[in-house]
There are 2 protein chains.
Amino acid sequence: MRSTSDTAVEPPEMRWNGWGDPDGGIGLPRAVRALLPLLLGRVPRPGPAPQLDAVEVAPSCLSGADLAALAGVVGDSEVRTDAESRVRRSGGRSTPDLLHRRASRQQVPDAVVRPATHAEVAAVLRVAHERVIAVVPFGGGTSVVGGVDPDAGRHHAVIALDLARLSGLVRLDAVSGEAVLLAGTRGPEAERLLAEHGLELGHYPQSFRYASIGGFAAARSSGQNSAGYGRFDTMVTGLRMATPTGDLDLGRAPGSAAGPDLTRLLLGSEGAFGVITEVRVRVHPTPRDRIVESWTFPDFTTGANALREVVQRGGTPTVIRLSDEAETGVSLAQVGRIGKVLAKGASAVTVFEGEDAEHRRARTAELIATAGGTSTGQGAAEEWARTRFDGPYLRDALLDAGVFCETLETATTWANLHRLRAAVTSALKDGFTDAGARSFVMCHISHLYPTGASLYFTVLAGVRGDQLRTWDAVKRRVGDAIMASGGTITHHHAIGRDHAAWLPQEIGETGIRILRAVKRELDPQGVMNPNVLIPEEPLRE
Amino acid sequence: MRSTSDTAVEPPEMRWNGWGDPDGGIGLPRAVRALLPLLLGRVPRPGPAPQLDAVEVAPSCLSGADLAALAGVVGDSEVRTDAESRVRRSGGRSTPDLLHRRASRQQVPDAVVRPATHAEVAAVLRVAHERVIAVVPFGGGTSVVGGVDPDAGRHHAVIALDLARLSGLVRLDAVSGEAVLLAGTRGPEAERLLAEHGLELGHYPQSFRYASIGGFAAARSSGQNSAGYGRFDTMVTGLRMATPTGDLDLGRAPGSAAGPDLTRLLLGSEGAFGVITEVRVRVHPTPRDRIVESWTFPDFTTGANALREVVQRGGTPTVIRLSDEAETGVSLAQVGRIGKVLAKGASAVTVFEGEDAEHRRARTAELIATAGGTSTGQGAAEEWARTRFDGPYLRDALLDAGVFCETLETATTWANLHRLRAAVTSALKDGFTDAGARSFVMCHISHLYPTGASLYFTVLAGVRGDQLRTWDAVKRRVGDAIMASGGTITHHHAIGRDHAAWLPQEIGETGIRILRAVKRELDPQGVMNPNVLIPEEPLRE
């Protein structure tokens, strides 16, 4: 069987310089609008952003022979050099990306190449290897770490390898609960194809509506239902990858001791070794019911201890997340209850879906209550579920209002959680203070492990000067603070180019040597996503 | 904190040419003894095995300078060249290993070197790298795949790097549920050290009493409680490794997207890249209660479907295993109920420990009953629990009686399980038939995943000719059948030297190139466990 998305409507293109559906933006809730000057002082609104058709780009650096070789693989119509195609595949969706896109001149790839099959991907990579053209694999374009920047490295040109045409369900084994999806399949399309068989993948990161299955794998994504279904890594049972020098097709069995699990070396490889073309994933029956509940705790520390009890003692919710006092206050403001703004206490949400949900809920509720939490009914949890993918729209509205807004995340052990949170919060606040800006830092826990948890930070700042330069300095300070305080430089946003400076501290110099050795073997010309994960190697004599 | 095992009594040395405690062997149950001639025909008993002090070994090939350099690291007394030390570190415990040990002349390492710390391991590897001496890391010596053979490869000498002195608990974080154990710590010692803090690791492979924590990691072990606590891979949250050219210290956070998870590249590396010296593992409170139950199914297929329901619908037992009709019959014989020998039906065992055990038991019982299983009380399950580590003793008794006995294992998806089982069974039976031997094949499932399960085979055969040569041909046939039928060449016994021929089919030629590239980078002289995972590379000019 193979049901592709050939007949499906391709999702509308995202706003080229913002998030999501061009018609789908949301304004700032009035209460938030009222709150911002109190928190951050008054900031100037930026000038109007350029229109797409007014953007200037440099001419393509690909030669006629390069273009002919690429067209020889995918056909003339799938090698695109027009400005709009190139602008639309010119990077991801971090706040710096969006700020850069307010300029009238854009750095763009020299062409967008759109293969339709694994074989075409492999053939494009061979052309790139032979002609020494850099290749940036491009899925949903939702990277927030510079993972899809049009970086030619030391080469003469760079193509964006757009995987949108690799969309569809290749195979389904309903008995074993395994599905093979093409890498370019977007989140909603994957769920639509599976739902036709009564099945669900259950991976819902905030980027879900646009991000691709291959991107989830390449960047080691983790979704909002990770408590129930695990991070994306753990859903993957097999991978197919094309590299400039050969293919990989891994994952012969659900469990194996046949040497190191190389699937885990491709997960997180971020296009630096090759292009993931197919992902085999574990799926489960579409849950029928959903039980949501909201909770309040006297403070974040009490809440974090409750979450630890839940995960260590097996409460097994599908979703569980805890907002600190600041995020709790702003969330209340968002739904208009300005009177409760910055109310004391930390709020949590639990969701239960699937088998034995009522028992799991009861047990989790008991653990939470024993640990000091109080149920506040369903309202706030339903509001969270309704708006769970809308965060990036809010950021657009904040940026339009001149307010700097960015997120970052890390993870550590339970014992180290509060030390790390304090260090990151200080680095953010002090960093902005040193730049003369007021800031507001919120934090939540949304991914639990028996041994620890993630910490997700959102920072708003009233920057009067150059937002990009200010953030660059703050971000460096925060990354250093994470490393010094025992966290990981990223829990689920990946390394890309933005975090590469910290990877040597994360995995050590010997770890970097391993990554370089693998890259040299698979991609000896260094054409794959230059400067992602590891800086380009100097040219050998 | 650091509690080492320095003051603990080292476990008694295993029988040099058999399993376990020299005084701990068990005889064949009378019913089995009666059954064997019926199943396999009469076979000659082998001659008496040689005594350890009668074994001949070649002189050590290490030069005086080699020995001095090694002694310079660990001290004179920890570089051992006497025959007994060398014979005792001369390989693992596969049936071929034990048959080889019936010869009067043994292949042995040129010395046994016993470092006490990570730093000493690293220094020994540097000496080995500089002097080009092969190194076989030696933990519990329980490999059944040739993983610790004294193989010098193309080098002039080989040392067994005995890790017994690296025993102890380095750090414990009870809040996060993480412990760091030295790699040479044996299973029972690890559990003893954790139990002092009310904690348990919960990894109980059949080799538990002798195998080491580092060996579990290096070989990607899976234990009998894997349904509850996961295979060993999933317990590991961090690793420290010394290689000939640098150290690795991985696992900064419980979850991360900081590039590929290199911890997973070291798990399963089987000493081919370096030596694991410390393992950070997830631990949990020692369970107070244990609920055991036995089940019967009309046949293996019904039982397998029941197990699939349990794992896919979240019954979450701590142990669940299903024996096919043949294994069920022999198990009954072992406990003396000869009348029921080869009774129809397949039997299963469930064990529940830890949090919410009574509910998990009730839910699992309901799923099993609905799928066609019938509870048979606790007796058989208790018998299984009592004798769960005794299988290897039985094999010794069979070999002493002239009966060939070996095990092998694989795994696949639920949809492919019966095809794979039939293919392996045929390959075993036909292989022995072609050698003129009668055989008896038993199978069980003992490790479940949502998408599939393991298959563990035990074969008994009445071989009249050369057992080693006969098995070599049968094993090749079985390995080829596993590959042709979509299984993995090993679910939890590792690759070692015995399975290396199939690894190119398992991970593809590009996968082999990755392993070679990593090995070349970390171990450019190729001194680490030569010919494990991948055959030695030809010498470069």
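Rules used in this analysis
One numbering rule holds for all chains: residues counted from 1, following each sequence as written. Chain letters and ligand numbers both follow the written order, the letters beginning at A and the numbers at 1. Two thresholds apply to this predicted model, a pLDDT of at least 70 for residue-level local features and 80 or more for giving and counting side-chain atom pairs, whereas whole-chain, interface and lining totals are computed over all residues. Heavy atoms from the whole structure form the basis of all side-chain values; hydrogens and water molecules are not counted. Orientation is described by lines fitted to C-alpha atoms, with helices fitted over the stretch in contact, and by angles between N-to-C directions that extend from 0 to 180 degrees. Only DSSP runs of H or I reaching four residues or more are called helices, and only runs of E reaching two or more are called strands; each is numbered from the N terminus. Each angle gets one of four labels, with under 35 degrees taken as roughly parallel, over 145 as roughly antiparallel, 65 to 115 as roughly perpendicular, and the rest as oblique. Helix crossings are classified by the rotation of the near helix relative to the far one: an anticlockwise turn of less than a right angle makes the crossing left-handed, while a clockwise turn makes it right-handed. When checking whether two residues touch, look at their non-hydrogen atoms; a contact exists if any pair is within 4.5 Å. Amino acid classes used here: Ala, Val, Leu, Ile, Met, Phe, Trp, Tyr, Cys and Pro are nonpolar; Asp, Glu, Lys and Arg are charged; the rest, including Gly, are polar. Only protein chains enter the accessibility calculation, which uses a 1.4 Å probe. A residue is then buried if its area is under 20% of the maximum for its type, exposed if over 50%, and partly exposed in between. Note on scores: pLDDT gives the predictor's confidence for each residue, bounded by 0 and 100. Here, strands pair whenever DSSP counts at least two bridges between them. Accessible area, probed at 1.4 Å, shrinks when two parts are joined; the buried area is that loss added up over both. Every case where a carboxyl oxygen of Asp or Glu lies within 4 Å of a side-chain nitrogen of Lys or Arg is listed as a salt bridge. Distance and chemistry together define a polar contact, namely a pair of N or O atoms within 3.5 Å, with one atom able to donate a hydrogen and the other to accept it when in protein, and with adjacent residues in sequence counting only for side-chain atoms on both sides. For this overlay, a least-squares fit was computed on C-alpha atoms, restricted to residues scoring pLDDT of at least 70 in both copies. Here a Phe, Tyr or Trp ring, Trp counted by its six-membered ring, pairs with any other such ring whose centre lies within 6.5 Å, and the pair is stacked when the planes are under 30 degrees apart, edge-to-face when over 60, and tilted otherwise. Counting as a charge over the ring demands two things of the Lys NZ or Arg CZ atom: a distance within 6 Å of the ring centre and an angle within 35 degrees of the ring normal.

Considerations on the packing of helix α2 (residues 64-74) of chain B against helix α5 (residues 118-131) of chain B
Residues and elements named next belong to chain B.
Then step 1. With their axes 9 Å apart at the nearest point, α2 and α5 run at an angle of 160° to one another. Compared by their axis directions, α2 and α5 come out roughly antiparallel. Crossing of α2 over α5 shows right-handed handedness. Contacts between α2 and α5 involve Ala65, Asp66, Ala69, Leu70, Val73 and Val74 from the first element and Glu120, Ala123, Val124, Val127 and Arg131 from the second.
Then step 2. For the contact of α2 with α5, a count of residues per class yields eight nonpolar, no polar and three charged.

Side note on the environment of leucine 262 of chain B
Then step 1. Position of leucine 262 of chain B relative to the elements: it lies in the loop between β10 (246-250) and α10 (263-266).
Then step 2. Overall, the relative accessible area of 2% leaves leucine 262 of chain B in the buried class.
Then step 3. Once the C-alpha coordinates of leucine 262 of chain B and aspartate 249 of chain B are considered, the two residues, 13 residues apart in sequence, prove to be 9.9 Å apart.
Then step 4. The residues contacting leucine 262 of chain B, other than those within four sequence positions of it, are Leu265, Ile507, Gly511, Ile514 and Leu515 of chain A together with Leu250 of chain B.

Brief notes about the confidence of the model for chain A
Residue and element names in this part refer to chain A.
Then step 1. Looking at chain A, pLDDT values average 94 and 95% of them are 70 or higher.
Then step 2. Here residues 1-9 is modelled with pLDDT under 50, and outside its nearest four sequence neighbours on either side it reaches 18 contacts, counting other chains as well.
Then step 3. The ipTM, which scores confidence in the relative placement of chains, is 0.96 for this predicted complex, and the corresponding pTM is 0.96.

Quick word on the sheet that holds strand β2 (residues 79-80) of chain A
Residue and element names in this part refer to chain A.
Then step 1. The four strands are arranged β2-β3-β5-β4 in an open sheet whose pairing can be described as mixed. Each edge of the open sheet is held by one strand with a lone partner, namely β2 and β4 (134-138).
Then step 2. Two strands pair when backbone bridges link them, and strand β3 (residues 111-113) and strand β5 (residues 158-162) are joined in this way by three bridges, in the parallel orientation. By the bridge assignment, valine 113 is partnered in β5 with leucine 161.
Then step 3. Against the sheet, helix α5 (residues 118-131) makes contact with β3, β4 and β5, and its axis sits at roughly 175° relative to β5, the strand it touches most.

Structural notes on the interface of chain B and chain A
Then step 1. Contacts between chain B and chain A engage 77 residues on the former and 77 residues on the latter.
Then step 2. Of the roughly 6000 Å² buried between chain B and chain A on both sides combined, carbon and sulfur atoms contribute 58%.
Then step 3. Broken down residue by residue, the surface that chain B buries against chain A is led by Arg252, Pro254 and Pro260 of chain B, which jointly contribute 13%.
Then step 4. At the junction of chain B with chain A, the criterion picks out ten salt bridges.
Then step 5. Between glutamate 355 of chain A and arginine 363 of chain B there is a salt bridge, and its shortest N-O distance comes to 3.2 Å.
Then step 6. Joining chain B to chain A, the criterion identifies 41 residue pairs in polar contact (both at pLDDT 80 or more).
Then step 7. Of all elements in the fold, only β10, α10, α11 (300-312), α13 (357-370), β17 (404-413), β20 (452-462), α17 (467-484) and α18 (503-522) of chain B reach the threshold of two or more residues within the side of chain B that touches chain A.
Then step 8. The dominant element in the side of chain B that touches chain A, judged by the number of residues it contributes, is α18 of chain B, at 14 residues.
Then step 9. Each residue belonging to the side of chain B that touches chain A can be placed in one class, and the counts come to 32 nonpolar, 26 polar and 19 charged.

Considering the relation of the copies chain B and chain A
Then step 1. With an RMSD of 0.0 Å, chain B superimposes on chain A once it is rotated by 180° and translated 0.0 Å along the axis. Such values leave the two copies arranged in the relation of a two-fold axis.
Then step 2. Most of the interface of chain B is mirrored in chain A, where 100% of its interface residues again form contacts.

Some points on the packing of aromatic side chains
Then step 1. Summed over all chains, the structure comprises 16 aromatic pairs over all chains.
Then step 2. Measuring from centroid to centroid gives 6.1 Å for phenylalanine 432 of chain B and tryptophan 471 of chain B, while their planes differ by 20°, and the two rings are stacked. Taken together, the residues phenylalanine 432 of chain B in helix α16 (residues 417-434) and tryptophan 471 of chain B in helix α17 connect sequence positions 39 residues apart.
Then step 3. Each member of the aromatic cluster is reached from another via a ring pair, and the members are Tyr204, Phe208 and Phe389 of chain A.
Then step 4. Against the face of phenylalanine 300 of chain A rests arginine 421 of chain A, its NZ or CZ located 4.1 Å from the ring centre.

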